[in-house]
Amino acid sequence: SFYKGKDACISCHQDIFELQDSDLHSEISCESCHPPKINSNTDCQINPPIVKGTILFCGQCHEMNLGRLKKSVRQLDIEEHKGEQNCIECHNSHAPWELKE
């Protein structure tokens, strides 16, 4: 796999960058959540790096953990919050405070 970096993502996805940049996720690299399935010669439009947005995936950062500062990462009781849906079915992953209808 080849990491292209945030600037490469911004070149095609300026609108998503602006939305994410206004959120606490602004410090997170695109490829932290969108693992690259591309190399330096492949365009992500051909082979897009897709995230399933499952509670197990999002829980890697957001599951209750006493070792994390509560101010820096929103923490959830995963068992209490868990439903039948993936997180991104309710939350906009680039601006999670926005709930989808």
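What follows deals with the overall build of the protein. For the protein, the count of helices and strands is 6 helices and 2 strands. Traced from its N-terminal end to its C-terminal end, the protein shows the element sequence α-α-α-α-α-α-β-β. Expressed as a percentage of contacts within the protein between residues at least 6 apart in sequence, the contacts between residues at least 24 apart total 49%. For the protein, the accessible area works out to roughly 7,700 Å², and carbon and sulfur atoms hold 54% of it.

Our focus in this paragraph is the environment of Gly-59. In this fold, Gly-59 is placed in helix H4 (residues 55-62). The class of Gly-59 is buried, set by a relative accessible area of 8%. Residues Gly-59 and Cys-87, 28 residues apart in the sequence, show an inter-C-alpha distance of 9.6 Å.

Among the secondary structure elements, Gln-20 is positioned in helix H2 (residues 14-21). Here Ile-28 takes part through its backbone oxygen, which lies 3.1 Å from a polar atom of the side chain of Gln-20.

Glancing now at the side chain of Gln-75. Checked against the element boundaries, Gln-75 lands in the loop between H4 and helix H5 (78-81). Judged by relative accessible area, which is 12%, Gln-75 ranks as buried. Within the structure, Gln-75 has its side chain in polar contact with the backbone nitrogen of Asn-65 (distance 2.8 Å).

Turning our attention to the confidence of the model for the protein. Scored by pLDDT, the protein has a mean of 77; 85% of the residues are at 70 or more. The secondary structure element of the protein with the lowest average pLDDT is strand E2 (residues 95-99), at 74, and the one with the highest is helix H6 (residues 87-90), at 87.

What counts as what
- Residues numbered from 1 in each chain as written.
- Predicted model: local features only at pLDDT ≥ 70, side-chain atom pairs only at ≥ 80, totals over all residues.
- Heavy atoms only, no water.
- Helix = DSSP H or I, 4+ residues; strand = E, 2+ residues; numbered from the N terminus.
- Contact = heavy atoms within 4.5 Å.
- Areas by Shrake-Rupley, 256 points an atom, 1.4 Å probe, with all protein chains shown as cover.
- Buried < 20%, exposed > 50% of the residue type's maximum accessible area, 1.4 Å probe, protein only.
- Polar contact = N/O pair within 3.5 Å; in protein donor to acceptor, adjacent residues only side chain to side chain.
- pLDDT = per-residue confidence, 0-100.

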